Amino acid sequence: MNNSFEKFDVFIVGGNITGLICAIALSQNKIKVGCCDPNIDINNFNSEDTRSTAILRSGKKFLENLNIWTNLKNSCLPLDKMEIIDDNKIFKKFSLFENYIFDSQELLEKPFGWNVKNNVLKRTLVELVKKSKNIKFFSNQSFEKLLIKKQTITINLSKEKIETNFLIGADGLNSKVKQSIRVKQTLLDTHQKALSFQVEHEKSHKNISTEIYKEGGPLTFVPTKAKDKMNYSSVIWMNHSKESEKLYNLPKHEFEKQLNKRSLGIYGKLNLKSNINLWNVNTMFVENLCYKNVILVGEAAHVLPPIGAQGLNTSLKDISILMEIFQNKNKLSYQELALKYETKRLPDIKKKIFSILLLNEVVKSNSIPVMFIRRFGIEMISKLGFLRKNIMRFGLS
């Protein structure tokens, strides 16, 4: 191991989307930033991630302030409306399904958000990191351990040792940083798995994101940019774990048959256009966001079910709050900065997790009383303008 010590103002463990945006944000404030990831080579970057991410208006504004949006906007597709369809077996006796449209124009601002492919977003961020004079990226290096001293932190990476004033764990659900500072987490198994993939469909999506609610979990279509065509979407299909595993193991033609049936024909015939990813749907939250001069951001701090585009947007809020607090870095110690971040951020994270958990439970339930409540609730939100607008604002916050 090389015994040379390089000193950083801030070091970030995790070179995923959250970690890279965090590095760019800090570097623009003339902060010397280090970042590492065991699975990323910054000079030979390649992403096979077929998923996409919806960036809501607050997230877009933040990325604009960081001059990231300029490099992304031509690859993003606006999401003007959101459609919710309740495919409820109780009401099929009367009608096949009921759909409800929520229009961003009601809030006097269009659109709700913008959808971008993850591999495009990651490539854009990697290029910006490479260009920054204030960021050093440690490619293919993992975080091993840390030693917190009075003012600084010594970090052992897999190939070298560095020193930093402030450490950020952005290394996901199984964060080594989180384990090192012994932060307690609550991990809830929803007993669901999600399938994600890309499809081509007969009918235009018309820039409408659609969620079809049914027992087991929602089927979500998010319009995706594909040259000048309006008939490509990213899909997330949540279901009970065993059902998702059965679907995942089906031959392509049989999977498409089941998908076309579940989609109720709203987009016409669907054709699979990518590999299928399968993963566990968990919810996770932590007891604390900091320990001394170490903090957690992104999925090291919170994991949400993939409903309502809250995942990355919640992580962007973490970074936004951190940047606000870092405006006082000359007045406060690094430990005080960390504590202020936790105090300001933790209550909002818990509120967001509770609301998404509740929504997921209502959507996936096969309980007859809950299905009645679901239908009644969606109808009330749809028909009462003030309630509909407040719900939309909460979802975008």
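Here is a short report on the structure shown in this document. Everything quoted here is computed from the prediction, not taken from an experiment.

The rules behind these values
- Residues numbered from 1 in each chain as written.
- Predicted model: local features only at pLDDT ≥ 70, side-chain atom pairs only at ≥ 80, totals over all residues.
- Heavy atoms only, no water.
- Pairing = 2+ DSSP bridges.
- Helix = DSSP H or I, 4+ residues; strand = E, 2+ residues; numbered from the N terminus.
- Axes fitted to C-alpha atoms, helices over the stretch in contact; angles between N-to-C directions.
- Contact = heavy atoms within 4.5 Å.
- Buried < 20%, exposed > 50% of the residue type's maximum accessible area, 1.4 Å probe, protein only.
- Left-handed = near helix turned anticlockwise from the far one by under 90°.
- Nonpolar A, V, L, I, M, F, W, Y, C, P; charged D, E, K, R; others polar.

Section: the sheet that holds strand β7 (residues 113-117)
Reasoning step 1: Taken together, the three strands give an open sheet; going across it, the order is β3-β7-β4, and neighbouring strands pair in antiparallel fashion. The sheet terminates laterally at β3 (52-56) and β4 (77-79), the two strands that pair on one side only. Put simply, the sheet's adjacent strands are angled 30° from each other on average, direction ignored.
Reasoning step 2: Alignment of β3 against β7, held across five bridges, turns out to be antiparallel. Residue S52 lies in a different strand from β7, and its bridge partner there is K117.
Reasoning step 3: Docked against the sheet, helix α2 (residues 57-65) engages β3 and β7, running at close to 85° with respect to β3.
Reasoning step 4: Taken strand by strand, helix α4 (residues 118-131) contacts β3 and β7, and its axis lies near 85° from that of β7.

Side note on the side chain of T314
Reasoning step 1: On the secondary structure map, T314 appears in helix α8 (residues 311-325).
Reasoning step 2: Residue classification places T314 among the buried positions, given a relative accessible area of 6%.
Reasoning step 3: Leave out the neighbours within four places in its chain, and T314 touches H302, L304, R345 and K352.

Digging into unusual backbone geometry
Reasoning step 1: The phi angle at H191 is positive, at roughly 60°, despite the residue not being glycine.
Reasoning step 2: Within the element layout of this structure, H191 appears in strand β12 (residues 185-201).
Reasoning step 3: Despite not being glycine, L264 shows a phi value in the positive range, around 65°.
Reasoning step 4: Mapped onto the elements, L264 comes out in the loop between α7 (252-262) and β16 (270-272).

With respect to the packing of helix α1 (residues 17-27) against α4
Reasoning step 1: Direction vectors running N to C along α1 and α4 enclose 30°, while the axes themselves pass 10 Å from each other. Relative to α4, the crossing made by α1 is left-handed. Within the contact between the two elements, α1 uses I17, L20, I21 and I24 and α4 uses N118, L121, K122, L125, V126, L128 and V129.
Reasoning step 2: Residues belonging to the contact of α1 with α4 are distributed by class as follows: nine nonpolar, one polar and one charged.

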